[in-house]
Amino acid sequence: MKYLYGPVPSRRLGKSLGIDPFVRKICSHDCVYCQLGSAPPVSSEYCANGAPLEEIEDELKQFFQSGGNADYITFSGSGEPTLWKHIGELIQFIRKFFSHRKIAVITNATTLWREDVRTAITDVDLLVPTISAADEDTYLRLHRPHPQASFKLHIAGVKKIAEHFRGEIWAEIMLVEGVNDSVKHILE
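Residues numbered from 1 in each chain as written. Predicted model: local features only at pLDDT ≥ 70, side-chain atom pairs only at ≥ 80, totals over all residues. Heavy atoms only, no water.

## Examining the packing of aromatic side chains
In this structure the tally under the stated criterion is 5 aromatic pairs. Relative to F64, the ring of F63 has its centre 4.9 Å away and its plane inclined at 85°; by these criteria the two rings are edge-to-face. Both rings, one in F64 and one in F98, keep their centres 4.9 Å apart while their planes meet at 40°; by these two values the pair is tilted. Highlighted residues: F64 in helix α1 (residues 53-65) and F98 in the loop between α2 (87-97) and β4 (102-107), separated in sequence by 34 residues. F98 carries the same exposure label as F64, and that label is buried. Put simply, the rings of F63, F64, F93, F97 and F98 touch in pairs and so form one group of aromatic residues. The ring of F97 is capped by K61, whose NZ or CZ atom sits 5.8 Å from the centre of that ring. (Phe/Tyr/Trp six-rings, centres within 6.5 Å; stacked < 30°, edge-to-face > 60°. Helix = DSSP H or I, 4+ residues; strand = E, 2+ residues; numbered from the N terminus. Buried < 20%, exposed > 50% of the residue type's maximum accessible area, 1.4 Å probe, protein only. Lys NZ or Arg CZ within 6 Å of the ring centre and 35° of its normal.)

See the structure below:
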């Protein structure tokens, strides 16, 4: 499989079948803790072509038709999955053909201010936004975002989707020693 990986055992998601629509890192952050290494961040307004939608649909069909099993189908991988222009279409495909499967989106949350992104992911079961900073300075030091990004816009997007989202939202908090791990910062 080219765009699916796993299923991988996850403490949070059980058996998680990952979808990675990118062949290289495409992200609006360049986080100091990123396991993919450093790459110039793109704007949160960017819509990446990424993988052809039909190829991922075919891989999902092959996986489940061959007896594959997963507790969650999870959008994550090489960057920010909500930058992929076909995410909403693939979510609807999964809902139509694999309706009994749960869907998760692990996101850095930089695109959640966009109405088109909120609409595209509204039907997922679980949204996992990264919220690791309590102020602008820490946000910039930790995430090294694209220049158009800001802490204020980041938090506003999370608040906006939470207003109408019907699934669960689990905040993901990455602690980095000397950056955001003080008791004061954690309490904020």
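Additional details are given in the paragraphs that follow.
## Description of empty space enclosed by the protein
This structure, assessed with the given rule, holds 1 cavity of 30 Å³ or more. In this structure, the largest cavity is lined by S44, T110, W113, Y139, A149, S150, L153 and H154. Class assignment for the residues of the lining of the largest cavity results in 4 nonpolar, 4 polar and no charged. (1 Å grid on protein atoms, 1.4 Å probe; cavity = no way out; pocket = protein on both sides within 12 Å on 5 of 7 lines; lining within 4 Å. Points joined across faces, edges and corners; volume = space filled by probe spheres on them. Nonpolar A, V, L, I, M, F, W, Y, C, P; charged D, E, K, R; others polar.)

## Considerations on the environment of I169
Position of I169 among the secondary structure elements: in strand β6 (residues 168-169). Along the primary structure I169 and D71 are separated by 98 residues, whereas in three dimensions their C-alpha atoms are 17 Å apart. Excluding anything up to four places from it in sequence, I169 contacts L127, P129 and A162. (Contact = heavy atoms within 4.5 Å.)

## Here we look at the state of the cysteines
Covalent bonding between the sulfur atoms of two cysteines is what defines a disulfide. Using the criterion set out here, one finds 0 disulfides in the structure. With no disulfide partner, C31 has as its closest neighbouring cysteine sulfur the one in C27, 6.1 Å distant. Looking at C34, it has no disulfide partner, and the nearest cysteine sulfur is the one in C31, 6.4 Å off. (Disulfide = S-S within 2.5 Å.)

## Some points on the layout of surface pockets
By volume, the largest pocket amounts to about 650 Å³. If you go around the largest pocket, you meet 29 residues; those closest to its centre are Q35, S76, G77, I106 and E172. Those elements that place two or more of their residues in the lining of the largest pocket are β1 (4-10), β2 (14-19) and β4. Broken down by element, the residue count for the lining of the largest pocket peaks at 4 residues, all from β1. Looking at the lining of the largest pocket, its residues break down into 12 nonpolar, 12 polar and 5 charged. Estimated volume of the second largest pocket: approximately 190 Å³. By residue class, the composition of the lining of the second largest pocket is 8 nonpolar, 3 polar and 1 charged.

## Overview of the packing of α1 against α2
Where α1 contacts α2, the two axes come as close as 10 Å, and the packing angle between them is 25°. Judged on the interaxial angle alone, α2 and α1 are roughly parallel. Between α1 and α2 lies a crossing of right-handed hand. Of the residues in α2, those touching α1 at L53, I56, E57, L60 and K61 are E89, L90, F93 and I94. Along the lines of polarity and charge, the residues of the contact of α1 with α2 split into 6 nonpolar, no polar and 3 charged. (Axes fitted to C-alpha atoms, helices over the stretch in contact; angles between N-to-C directions. Parallel < 35°, antiparallel > 145°, perpendicular 65-115°, else oblique. Left-handed = near helix turned anticlockwise from the far one by under 90°.)

Honestly, that's just the spatial picture; any functional story needs more than this.
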